[in-house]
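So you can see what is in the structure, the chains are spelled out below.
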Amino acid sequence: GAVVSQHPSRVICKSGTSVKIECRSLDFQATTMFWYRQFPKKSLMLMATSNEGSKATYEQGVEKDKFLINHASLTLSTLTVTSAHPEDSSFYICSARDLGSSGANVLTFGAGSRLTVL
Amino acid sequence: AQKVTQAQTEISVVEKEDVTLDCVYETRDTTYYLFWYKQPPSGELVFLIRRNSFDEQNEISGRYSWNFQKSTSSFNFTITASQVVDSAVYFCALGTGSARQLTFGSGTQLTVLP
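Because the structure is a prediction, the values reported are computed rather than measured.

**Focus: the overall build of chain B**
Looking only at helices and strands, one finds zero helices and twelve strands in chain B. Counting helices and strands in the order they occur from the N terminus, chain B gives β-β-β-β-β-β-β-β-β-β-β-β. Since a compact globule built from 114 residues should have a radius of gyration of about 13 Å, the 14 Å found for chain B is in line with a globular shape. Taking the principal axes of its C-alpha atoms as reference, chain B extends roughly 45 × 25 × 20 Å. Per-residue burial over chain B gives 44% buried out of 114 residues. Of the contacts formed within chain B by residues at least 6 apart in sequence, a portion of 56% connects residues at least 24 apart. Counting only carbon and sulfur atoms, one obtains 47% of the accessible surface of chain B, whose full area is about 5600 Å². Here chain B holds 9 positive side-chain charges and 12 negative ones, and the gap between their average locations is 7 Å.

Dropping the structure here:
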């Protein structure tokens, strides 16, 4: 089945630094990937839709200059948290849809990346 | 606008008990998809089921079963003979159109005690 890999799974950084999280579709091509954020014991909130070869589409209230998304290839999307602050600490999850599979409407999620900003 | 409500924040059961997780959704779209995902402590979201809006057949998969009722906009999930390994947060989600995006409920933390 479709597999989505996220890296790193955990990252700790100092306030003011930037952190990059990678999301890869391992055995399929994904023209669109989605980035979600999850606070402790909370639901997943869609942050943005990452589109291969074009600009990402951000949800209302998400700072595009804060959360930079680059979808450089059909198998890789990156989320960069710029000038991170403690309030950016969260669990970030990406997802993608394998259009070539019979379950084309099923999103496959990565294992998530837990960011802690000190 | 889409909305998914999981009224049960936390549920605790003893092993071998049956448990039902409720999900109520709102959408104006006539074509939509409903999903259940499991999130164990490791954090990864595990896909459990997808149901199309035009298919109200209930489904059973091993100890899992789902009851989809459009009349009440509900898509409830039942685990029969629960096991400790079923302990996780369960999310109900709604996708519309091409299901490119999902709207998630707030999740239900299920704890199965030995």
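Past the structure itself, the notes keep going.
**Section: the interface of chain B and chain A**
The partner chain A presents 21 residues to the 19 residues of chain B that form the contact. Both sides of the chain B and chain A interface together cover about 1600 Å² of buried area, and 52% of this is carbon and sulfur. On the surface where chain B and chain A come into contact, there are zero salt bridges. Taken together, the links from chain B to chain A amount to four residue pairs in polar contact (both at pLDDT 80 or more). At the level of secondary structure, the elements contributing two or more residues to the side of chain B that touches chain A comprise β5 (32–39) and β6 (46–52) of chain B.

**Quick notes on the side chain of Thr80(A)**
You can see Thr80(A) is positioned in strand β8 (residues 76–81). In this structure, Thr80(A) is in contact with Ser18(A), Val19(A), Lys20(A), Lys66(A), Phe67(A) and Leu68(A), ignoring residues within four places of it in sequence.

**Observations concerning the environment of Glu22(A)**
Residues and elements named next belong to chain A. Tracing the backbone through its elements, the reader meets Glu22 in strand β3 (residues 19–25). In the structure, Glu22 is positioned 91 residues away from Ser113 in sequence and 9.1 Å away in space, judged by C-alpha atoms. Leaving out residues up to four positions away in the same chain, Glu22 has contacts with Ser5, Gln6, His7, Trp35, Leu76, Ser77 and Thr78. A distance of 3.4 Å separates polar atoms of two side chains, one belonging to Glu22 and the other to Arg24.

**Some details on the pattern of salt bridges**
Residue and element names in this part refer to chain B. Within the structure shown, the criterion is met by five salt bridges over all chains. Across the salt bridge formed by Arg51 and Asp55, the nearest N and O atoms sit 3.0 Å from each other. A salt bridge links Arg51 to Glu59; the nearest nitrogen and oxygen atoms lie 2.6 Å apart. By relative accessible area, Arg51 is classed as buried at 7%. Taking relative accessible area as the criterion, Glu59 reaches 30% and is therefore assigned partly exposed. Salt bridges here are not isolated pairs; linked through shared partners, they connect Arg51, Asp55 and Glu59.

About the criteria used
Residues numbered from 1 in each chain as written. Chains lettered and ligands numbered in written order. Predicted model: local features only at pLDDT ≥ 70, side-chain atom pairs only at ≥ 80, totals over all residues. Heavy atoms only, no water. Helix = DSSP H or I, 4+ residues; strand = E, 2+ residues; numbered from the N terminus. Rg over C-alpha atoms; globule rule 2.2 N^0.38 Å. Buried < 20%, exposed > 50% of the residue type's maximum accessible area, 1.4 Å probe, protein only. Contact = heavy atoms within 4.5 Å. Areas by Shrake-Rupley, 256 points an atom, 1.4 Å probe, with all protein chains shown as cover. Lys, Arg positive; Asp, Glu negative; His and termini not counted. Charge placed at Lys NZ, Arg CZ, Asp CG, Glu CD. Buried area = accessible area lost by both parts, 1.4 Å probe. Salt bridge = Lys/Arg side-chain N within 4 Å of Asp/Glu carboxyl O. Polar contact = N/O pair within 3.5 Å; in protein donor to acceptor, adjacent residues only side chain to side chain.

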